[in-house]
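Working through the structure, step by step
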Amino acid sequence: MIDGAADYLAGGLIIVGALFALVASVGLLRLPDLYTRMHAASKAGTVGSCLMLIALAAHIGEPATALRALAGVVFFLLTAPISAHLLAKAAYSAGYRMWEGAVSDDLAETAAVAKKNGPSGTEG
Amino acid sequence: MMSGTAFLNISAIFALGVLTISFLLVVVRVVKGPSLPDRILALDMLVAVAIGFIAVLGVRSGFTLYVDVAIALGLVGFLATVAFARFVLSGGIDAKKEEAEEDRP
Amino acid sequence: MIPFRNELILALVWVAVSGSYSIPNLVFGFAVGWVVLFLVRDQIQATRAVIRPVALLLLIALFIKELFLSAFRVAKLVLSPRMDIKPGIFAYPLKVDRDFEITLLANLITLTPGTLSVDVSDDRRTLFIHGMDCSDLDQARRDIAQGFERRILEAFR
């Protein structure tokens, strides 16, 4: 009975995780610019692969390996926002523009100010 | 009511199909670009999909070693994204020039 | 304050990842953790943070809830035929001021509905956040202040 429950749990998690991965890929294709696409990839994508790893942990059942899979999940949850953040920062400071539909850009003013007193500011 | 094993088998096959579709969609984004960060993001997503593949394969085959493969792949993917981001940050490619080339028909 | 707390955490992570639960392995993990922390001792800021377990659990629970909510929100947005979005970058004045708290807040923001942290100002007072829906910026700022930032302050102060 318990084995059966673990199987159902793992199967359900696999399906949901795969669907989230699909949603993230569709978002990657449909959304208008880099920054909005990053939302899809960093959220739905992470949730998708984490759910599938949790399914793997549930299916294995053996505590040592299951714990290792869960450690992997924690690891992905820690690294996904860091890489998204770093990529967004890099893309913005390298000058990739946002989509025309963007309604606000508070960073533009700061970036312009930083550029104006850039050379003296970085030396000091 | 089907048994747990049968349900798991069917859902694994379904998930492999869905993951294949999403893999192809992400590859379309890698090819289309249009800019370097877009491709980096798509490659990052590709790693996430590949981890999903590995997890499903691990469930189907029951090999516990797949857990380590998934963790190692996640580590490599993270480091690759960080390295690419540093490359973009260090001005590896001129964004203005790249976007000007995109706008050209 | 537990002595060698960070080394102990690293040792436990090592035991979990290497998958063999034995005292020698724990000692080995502790040694590796000590060496690693010794190597980066100049880079990390010494934190005197107190950790409140209950508040920390509440923070984790809130995070998991928000993570699933955000994944569903993205799914709904992506699958809707007309994507009705008003993206933009807005500034968020930070109340937290320690490095690890800012890092934690930025990471949590990235994984929650409709927001993605892009940059921190040089004086560490302002966080620049890319929002999926920037029609009501005050509401978005209030959500972060009442949600994660308050919980972080509760958990580590």
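Each value, and the rule that gives it
Residues numbered from 1 in each chain as written. Chains lettered and ligands numbered in written order. Predicted model: local features only at pLDDT ≥ 70, side-chain atom pairs only at ≥ 80, totals over all residues. Heavy atoms only, no water. UniProt positions renumbered as here; feature names shortened; annotations may be inferred. Helix = DSSP H or I, 4+ residues; strand = E, 2+ residues; numbered from the N terminus. Buried < 20%, exposed > 50% of the residue type's maximum accessible area, 1.4 Å probe, protein only. Contact = heavy atoms within 4.5 Å. Areas by Shrake-Rupley, 256 points an atom, 1.4 Å probe, with all protein chains shown as cover. Salt bridge = Lys/Arg side-chain N within 4 Å of Asp/Glu carboxyl O. Core = buried A, V, L, I, M, F, W, Y, C linked by side-chain atoms within 4.5 Å.

- Per an unreviewed UniProt entry, the recorded name for chain C is Cation:proton antiporter, and the organism is Aminobacter aminovorans.
- Turning to chain C, the UniProt annotation filed under Sequence similarities (unreviewed entry) states: "Belongs to the CPA3 antiporters (TC 2.A.63) subunit E family."

- As annotated in an unreviewed UniProt entry, chain B is Multicomponent Na+:H+ antiporter subunit F from Aminobacter aminovorans.
- In its Subcellular location (unreviewed entry) section, the UniProt record describing chain B reads: "Cell membrane".
- One UniProt comment on chain B, placed under Sequence similarities (unreviewed entry), says "Belongs to the CPA3 antiporters (TC 2.A.63) subunit F family."

Side note on the overall build of chain B
- For chain B, the count of helices and strands is four helices and zero strands.
- When its helices and strands are written in sequence order, chain B yields α-α-α-α.
- Counting over 105 residues, chain B shows a buried share of 44%.
- Across chain B, the fraction of contacts at a sequence separation of at least 24, relative to all contacts at a separation of at least 6, is 59%.
- Working note: accessible area of chain B is about 5400 Å², and carbon and sulfur atoms make up 71% of it.

Some points on the overall build of chain C
- In terms of helices and strands, chain C carries five helices and three strands.
- Listing the helices and strands of chain C from first to last along the sequence gives α-α-α-β-α-β-β-α.
- Relative to its full complement of 157 residues, chain C shows a buried share of 44%.
- A fraction of 68% describes how many contacts in chain C between residues 6 or more apart in sequence connect residues 24 or more apart.
- Here chain C has roughly 9000 Å² of accessible surface; of this, 65% comes from carbon and sulfur atoms.

A look at the pattern of salt bridges
- Taken as a whole and judged by the stated rule, the model has four salt bridges over all chains.
- Among the salt bridges present, the one from B:Asp38 reaches A:Arg37, with a minimum N-O distance of 2.3 Å. Here B:Asp38 is found in helix α2 (residues 36-61), whereas its partner A:Arg37 is found in helix α2 (residues 34-60) on a different chain. For the pair shown, B:Asp38 and A:Arg37 are each scored as buried.

Remarks on the nonpolar core
- Judged by nonpolar contacts, the single largest core of 105 residues is most densely connected at A:Tyr35, A:Met38, A:Leu53, B:Val56, C:Tyr92 and C:Leu105.
- Leave out the neighbours within four places in its chain, and B:Val56 touches A:Ile14, A:Met52, B:Ala12, B:Ala15, B:Leu16 and B:Leu19.

Quick word on the UniProt feature "transmembrane region" (unreviewed entry) in chain C
- Look at the UniProt record and you will see "transmembrane region" (unreviewed entry) annotated at residues 53-75 of chain C.
- Between the C-alpha atoms that bound residues 53-75 of chain C the distance is 33 Å, and the span itself is 100% helix and 0% strand.

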